[in-house]
Amino acid sequence: MFKKLFNAKNQTNEITKKLKLPYENIFDDIVICMTGDSSIFVENYKGVLEYSSECIVLRGRKQEIKICGEHIFISYYTDECMKMTGVFRSVQIGCFRHL
Amino acid sequence: MFSAFIKGYITVHASGPYKERLINLCGKRGIYVWDIENEEDIVSFHILKKDYDALNRLLEKTAAKAVLVEKHGLPFLLNQVKRKIYLLFGFAFGVSFILILQCFIWNIRIEGNEAITRSQFEKFLIEEKIIIPSLASSIDCYKLKDTILSSFDEVSWVSIEKKGCSLRIIVKEKSDVVDLVDEAQYRKDLYAKNDGVIVSIITRSGVPNVKKGDRVKKGDLLVCGEIPIYNEEGIVKNTQLCIADADIVIESDLCRHIYIPFQYKNKDYIKEKSFPWICIGGIEVSPVKKLNQTNNMEVIKEYSCHNRLNKLSNALCFGRYHVKWYDYQIVSYTDQEKNRLIQEKTDYLMKRMQEKNITIKQKNVTIQKNDKKWDIIVNFQIWTKQ
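Each value, and the rule that gives it
- For every chain, the first residue of the written sequence is number 1, and numbering continues from 1 onward in sequence order.
- Working convention: letters from A go to chains and numbers from 1 go to ligands, in the order in which they are written.
- For this predicted model, a pLDDT threshold of at least 70 governs which residues receive local features, and a threshold of 80 or more governs which side-chain atom pairs are given and counted, while totals over whole chains, interfaces and linings are taken from all residues.
- Hydrogens are left out, water is left out, and the side-chain values use all remaining heavy atoms of the structure.
- Only DSSP runs of H or I reaching four residues or more are called helices, and only runs of E reaching two or more are called strands; each is numbered from the N terminus.
- For each residue, the accessible area found with a 1.4 Å probe, counting protein chains only, is set against the maximum for its type, and the residue is called buried under 20%, exposed over 50%, and partly exposed in between.
- Whether two residues touch is decided by their heavy atoms; if any such pair falls within 4.5 Å, the residues are in contact.
- Accessible areas in this description were obtained via Shrake-Rupley with a 1.4 Å probe; residue shielding takes into account the shown protein chains only.
- Pairing between two strands requires that DSSP report at least two bridges joining them.
- A simple way to read buried area is as the amount of 1.4 Å-probe accessible surface that goes missing from two parts once joined, with both sides added.
- When a carboxyl oxygen of Asp or Glu is within 4 Å of a side-chain nitrogen of Lys or Arg, the pair counts as a salt bridge.
- Here the term cavity refers to a set of points on a 1 Å grid, laid over the protein atoms alone, in which a 1.4 Å probe fits but cannot get out; the term pocket refers to an open set having protein on both sides within 12 Å along at least five of seven lines, with lining residues being those that place an atom within 4 Å of a point.
- Grid points are joined across faces, edges and corners, and a volume is the space filled by probe spheres set on the points.
- Under this grouping Gly is polar, as are all residues other than the nonpolar Ala, Val, Leu, Ile, Met, Phe, Trp, Tyr, Cys and Pro and the charged Asp, Glu, Lys and Arg.

1. Brief notes about the overall build of chain B
Within chain B, the regular secondary structure consists of eight helices and 23 strands. Burial analysis of chain B (386 residues in total) assigns 30% to the buried set. In chain B, 65% of the contacts between residues at least 6 apart in sequence involve partners at least 24 apart. Approximately 25,900 Å² of chain B is accessible, and the part contributed by carbon and sulfur atoms is 52%.

Put into structure tokens, the structure is as follows:
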């Protein structure tokens, strides 16, 4: 079963590559654009799990993104994209909240 | 930001255990949220004015409390103005007043005129019905230019420009035009400017008509610009024209009268006060006009207009009247004061003459007594250069 899943994912990957389609739309992944350590632009997220001035945790389809830093300030937030400013120290991917 | 200002936005402080859920729900429900900041337990953010009701509905779901902290934008400003409607009327009146005034010409500048005096020009403009104030659209610059050229022979070129509330007329007179004629064909004689006796004459070009010691009258020919060329028999064969040039000094007498009354007002100033005045469209308003205009007051008018307002000086100008009231006593001049006054006025006369390059050789002062004043006759013997 795992082999089937792996094969299916591989095939999707190949088709996306060949047809030059955007990965984030096909795989529904979070897209993060970082400018230095002062500005981050995020798209394709599901929501905010945790927010404080030192840390923010965003939920994606399959994973969570934890961004740590200082004076984290959300310039704007919509359903599709958001922009944050501040001094960012680290970006981690994983599972950070036990529901 | 500008569109948010036009629509109106508010600053909200939200607190509660599920602040993140509130932000997520705002995003899901299409409520645009920006400038989100987290300080301790309070999240502050901006939302548009129209989304406030939708936010209130979300607060129940998230068990959060939201407090409206600040209001920004045009809708809130207009609400404040609605309460003070007279301010709006005043603003509208001021703007319309300025716009109406801008349609008129309030200042006329004439430049480049030397032979034609400003008063001549002003008289001409009044005849052409161009006065202050005049409607700017009624002045046809091309037609006025043609009229000036046809009315004044001395003018060779004219430019008229309407700039703001100012009409600028630049003229170029024919005397400014450089003669391209050969100087040798041009003749200029020297004439006496005043009566007197020739003290010295040094001729550089031309034929002198007078010599040292001759008595001349004003307008007499001193040096002729036509040089006769004689042949061998002494008959004038030809004439050569030149510009007569000579240093001529004429001695003449000049008489001046200085009048000093026997008595004068010795003023003792009691009170001084200043009043504002304003002139709008040539009509002056000031409390000074209501004062009893007596002989015992001096009024000095001070203009406070800034330089930038100069062009609108006849449309809008303001300043202050300084009024001084005084008591006076009629006092007679003492001999000392009289002599001092005579000396001062004589010195002033001599200074003015020296500025005009007149040399004073002798001075004779005679004092005569009339009914009400002293008549001081000052006779000068002067040397003037022609």
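2. Focus on the sheet that holds strand 12 (residues 207-208) of chain B
Residue and element names in this part refer to chain B. Taken in spatial order, the three strands of this open sheet run 10-14-12, and their pairing is antiparallel. Two strands in the sheet have a free side with no partner beyond their single neighbour: strand 10 (190-191) and strand 12. Examined bridge by bridge, strand 12 and strand 14 (residues 221-224) share two bridges and lie antiparallel to one another. Bridge pairing in strand 14 links valine 207 to cysteine 224.

3. Section: the interface of chain A and chain B
In many reports, interface size means the accessible area that the parts give up when they come together. Listed by partner, the interface residues are 15 residues for chain A and 13 residues for chain B. Carbon and sulfur atoms supply 53% of the area that chain A and chain B bury against each other, a total of about 1,300 Å² over both sides. Sorting the residues of chain A by area buried against chain B places Tyr51, Phe73 and Tyr77 of chain A first, and these three jointly supply 46% of that buried surface. The interface formed by chain A and chain B contains one salt bridge.

4. Side note on the layout of surface pockets
Volume-wise, the largest pocket comes out at about 300 Å³. Going through the elements one at a time, strand 3 (47-51) of chain A together with helix 2 (19-28) of chain B are the ones with two or more residues in the lining of the largest pocket. Class assignment of the residues belonging to the lining of the largest pocket gives a composition of five nonpolar, two polar and six charged. Lining the second largest pocket are Glu128, Lys129, Ile130, Ser134, Leu135, Ser138, Ile139, Asp140, Lys143, Leu144 and Thr147 of chain B. Going through the elements one at a time, strand 7 (134-135) and helix 7 (141-151) of chain B are the ones with two or more residues in the lining of the second largest pocket. In terms of residue count, helix 7 of chain B provides more of the lining of the second largest pocket than any other element does, three residues in total. Its residues placed into classes, the lining of the second largest pocket shows four nonpolar, three polar and four charged.

5. Concerning the pattern of salt bridges
In this structure the tally under the stated criterion is 14 salt bridges over all chains. Salt-bridge contacts for lysine 28 of chain B lead to aspartate 79 of chain A; the nearest nitrogen and oxygen are separated by 3.3 Å. Taken together, the residues lysine 28 of chain B in helix 2 and aspartate 79 of chain A in the loop between strand 5 (64-77) and strand 6 (81-94) connect one chain to another. According to the relative accessible area criterion, aspartate 79 of chain A is partly exposed, its value standing at 37%. A salt bridge links glutamate 111 of chain B to arginine 109 of chain B; the shortest N-O distance between them is 2.9 Å. Judged by relative accessible area, which is 24%, glutamate 111 of chain B ranks as partly exposed. Under the relative-accessibility criterion, arginine 109 of chain B is labelled partly exposed at 34%. Among the charged side chains, a salt-bridge network with shared partners connects Arg109, Glu111, Glu161 and Arg168 of chain B.

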